[in-house]
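Below are the chains, spelled out letter by letter.
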Amino acid sequence: MAYKYTLPTSVSFTGKGLLGYSFGSLDQKDLEIYYVEVEKGHDVFMISKKITRTYYVLSGSGYFTINNERYPVGTGALVEVPPKVEFCYSGTMTLFVLSRPRWFSGNDTFTRLNPDVFGRDTPCAKDGPSWWTQLLRARVFGKSPVSAFLRLNQWLWNKIPSSVVIAGPMPFYGRVLHGLACLHGRRAQAFSTFFLRNRPELELIRHLADRKGAGETLKLTVLGCSTGAEVYSIAWKIRSARTDLHLVVNAVDISRQAVEFAKQGTYSLTASQLSTTAVFEQMSSAEMDQLFDRNGDHMVVKSWIREGISWEVGDAGDSEMIDLLGPQEMVVANNFLCHMDSAEAERCLRNLARLVRPGGYLFVSGVETDVREKVACDSGWRPIEELLEEIHDGDSYMRRIWPCHYGGLEPLNRHKSDWKIRYAAAFQVASAEGSAANSGEQSPAPSKGLDTVVHS
């Protein structure tokens, strides 16, 4: 029998502005205990059906909003939230949470977004989800009919040959299902990632890097770097082929915890660490030997790969990003815009494209194709046709969750007249989009808003 419990090595849940760890499993079947790290606040206001939650503030400060009344809190404060009242919390805090009884599906009703997390100008921050969205998320006897419908359709869709899903009425039906999934799903950033996730994209990055002359400098930024797998994959791919280049990499993520983890460059072979995915599953043993040194049950990224990488905490939607980092020859912004609604993703995409100097390259997969196509057409980006189809299909994870997950990637359909710009994930950015970066190759301005974690 277990009498002592320690903090788990991986998070139990992630949300926009918080990470949570669940202790257990406890012998007290009616009790659940959490350790929660809050960066901005809980993303939604909610009402509990039966659970009473007790929050103890271990460190930091903020406030709880309970029944529309604000309660400031600091280190040592205890807050009890009973069932059937609307509440949320905001601030930068570390919380110890008791939940009695344990959480169960259907207990929580989400009423509106937290403006401290999403911004006070977010259209839905005040009004909350529409009545149509609330209807789609409704539960019957604790179960979601829409979730069941989407799971069944996803199972059937994955059984259909790829040649069929782009023929006849299937593309239309797929878009209907995907639209339903986008309305039903609750979007939240996640740390799920892999090393060598999209091999054709890595190959294209290497090809473009090959255009640099011997001894030249290549400035590259990876936004939404998560736990570092993509950053190290890119650095390995370039440096393996071009040892003569001076590669300067900025790796940026909004989560301090993810950045702190990534900068260590150490990954466990036996335990899930932040990411819910097996980060090595797409690598061969030979590739692991090239990328890592082994230290017991941990793999440590080789020092020559880690060289020249700066790890930063920052928001890709920050309008001052160009001033903070300076113009970049390549910007990689993969697999985080899909976790935003369309309006927020479009705004963020337009902003981050300003980082790319005129004639530079932007890689942006893992985003709604309608959003990417609209911004690319408006901005005059030139789609890179090399390996276009291979890159589109190169991330098997995003492809196999289409159409019944909001982050799924629709099948490439050559019958569309605009298929090249719609399905391209790599673009050469025109000078009009990069005019804000038209200051040449000067060194980036000193950091004013990004929080530099380490320079190695």
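In short, a report on the structure.

## Describing the packing of helix α13 (residues 342-352) against helix α14 (residues 369-379)
It is the contact of α13 with α14, at a shortest axis distance of 10 Å, that shows an interaxial angle of 40°. Judged on the interaxial angle alone, α14 and α13 are oblique. Pair α13 / α14 crosses with right-handed handedness. Taken together, the residues of α14 that come into contact with α13 (itself represented by S342, A345, E346, L349 and R350) are V371, R372, K374, V375, D378 and S379.

## Looking at helix α9 (residues 256-264)
Those residues of α9 that fall on the buried side of the exposure criterion are Q257, A258, V259, F261, A262 and K263. Positive backbone phi, at 65°, marks G265, one or two positions downstream of α9.

## A few points about the side chain of T65
Its place among the elements puts T65 in strand β5 (residues 52-66). T65 has contacts with F45, R70, E86, F87 and C88, leaving out every residue within four places of it along the chain.

## A closer look at the pairing of β5
Examined bridge by bridge, β5 and strand β8 (residues 86-100) share 14 bridges and lie antiparallel to one another. Across the sheet, S61 pairs through a bridge with T92, a residue of β8. Bridge count between β5 and strand β7 (residues 78-81): four bridges; the pairing is antiparallel. Paired with R53 across the two strands is V81, which belongs to β7. Pairing geometry for β5 and strand β6 (residues 69-74), over six bridges, is antiparallel. When the sheet's bridge partners are listed, T65 is paired in β6 with R70. The loop that links β5 with its antiparallel partner β6 comprises two residues; one of these, N67, has a positive phi angle of about 50°.

## Description of the environment of N295
Relative to the elements of secondary structure, N295 occurs in strand β13 (residues 292-295). Accessibility expressed as a relative area gives 55% for N295, which makes it exposed. Along the chain, N295 and S268 lie 27 residues apart, while their C-alpha atoms are 9.5 Å from each other.

## Points about the sheet that holds β13
Reading across from one edge, β12-β14-β13 is the order of the three strands in this open sheet, with antiparallel pairing throughout. What marks the edges here is a single partner per strand, and that holds for β12 (266-268) and β13. Ignoring which end each strand starts from, the neighbouring axes of this sheet average 30° apart. Pairing analysis gives three bridges linking β12 to strand β14 (residues 298-301), with the strands arranged antiparallel. Within β14, the residue paired with T266 across the bridge is V300.

## A look at the side chain of N107
Along the chain, N107 turns up in the loop between β8 and β9 (108-113). Other than its neighbours up to four places away in sequence, N107 contacts I47, S48, K49, K50, I51 and R53.

## Observations regarding the nonpolar core
Membership of the largest hydrophobic core comes to 46 residues, with the highest contact counts inside it found for F195 and F292. Take this core: its biggest share by element is seven residues, from helix α8 (residues 229-241). In contact with F195, not counting residues within four places along its chain, are A229, Y232, S233, Y267, V279, F280, Q282, M283 and F292.

## Overview of helix α6 (residues 170-184)
Given a rise of 1.5 Å per residue, 15 residues ought to cover 21 Å, and the 21 Å separating the end C-alpha atoms of α6 matches this to within 8%. Of all the positions in α6, only M170, P171, G174, L177, H178, L180, A181, C182 and H184 are classed as buried.

## As for the layout of surface pockets
If you add up the space inside the second largest pocket, you get close to 320 Å³. V367, E368, T369, G408 and L409 are, among the 27 residues lining the second largest pocket, the residues nearest its centre. Counting only elements with at least two residues in the lining of the second largest pocket, the list comes to α6, α14, α15 (388-392) and α17 (419-423). In terms of residues, the lining of the second largest pocket owes the most to one element, α6, which gives four residues.

## Some remarks on the pattern of salt bridges
By the definition in use, this model includes 25 salt bridges. The salt bridge partner of E329 is R357, with a shortest N-O separation of 3.6 Å. One end of the pair, E329, is in strand β16 (residues 328-332); the other, R357, is in strand β17 (residues 356-363), and 28 residues separate them in sequence. The partner of R414 in a salt bridge is E389, and the shortest N-O contact between them spans 2.3 Å. With R414 in the loop between α16 (396-400) and α17 and E389 in helix α15, this pair connects stretches of sequence that are 25 residues apart.

## What about the packing of helix α4 (residues 145-157) against α6?
The geometry of α4 relative to α6 is characterised by a closest axis approach of 11 Å and an angle of 145° between their N-to-C directions. The handedness of the crossing between α4 and α6 is left-handed. The residues of α6 that touch α4, namely those facing V146, S147, F149, L150, N153 and W157, are M170, Y173, G174, L177, L180, A181 and H184. In terms of residue class, the contact of α4 with α6 is made up of nine nonpolar, four polar and no charged.

## Observations regarding empty space enclosed by the protein
Scanning the model with the defined rule gives two cavities of 30 Å³ or more in all. By volume, the largest cavity is sized at about 90 Å³. Around the largest cavity, the lining is made up of 13 residues, and of these V165, P171, W402, E410 and P411 lie nearest the centre. For the lining of the largest cavity, the element with the most residues is α6, which contributes four residues. Of the residues contributing to the lining of the largest cavity, the split by class is eight nonpolar, two polar and three charged. Of the volumes computed, that of the second largest cavity is approximately 30 Å³. What lines the second largest cavity is L204, I384, E386, L388, I391, A424, A425 and A426. Its residues assigned to classes, the lining of the second largest cavity comprises seven nonpolar, no polar and one charged.

Criteria and cut-off values
- Residues numbered from 1 in each chain as written.
- Predicted model: local features only at pLDDT ≥ 70, side-chain atom pairs only at ≥ 80, totals over all residues.
- Heavy atoms only, no water.
- Axes fitted to C-alpha atoms, helices over the stretch in contact; angles between N-to-C directions.
- Helix = DSSP H or I, 4+ residues; strand = E, 2+ residues; numbered from the N terminus.
- Parallel < 35°, antiparallel > 145°, perpendicular 65-115°, else oblique.
- Left-handed = near helix turned anticlockwise from the far one by under 90°.
- Contact = heavy atoms within 4.5 Å.
- Buried < 20%, exposed > 50% of the residue type's maximum accessible area, 1.4 Å probe, protein only.
- Pairing = 2+ DSSP bridges.
- Core = buried A, V, L, I, M, F, W, Y, C linked by side-chain atoms within 4.5 Å.
- Expected span 1.5 Å × (residues − 1).
- 1 Å grid on protein atoms, 1.4 Å probe; cavity = no way out; pocket = protein on both sides within 12 Å on 5 of 7 lines; lining within 4 Å.
- Points joined across faces, edges and corners; volume = space filled by probe spheres on them.
- Salt bridge = Lys/Arg side-chain N within 4 Å of Asp/Glu carboxyl O.
- Nonpolar A, V, L, I, M, F, W, Y, C, P; charged D, E, K, R; others polar.

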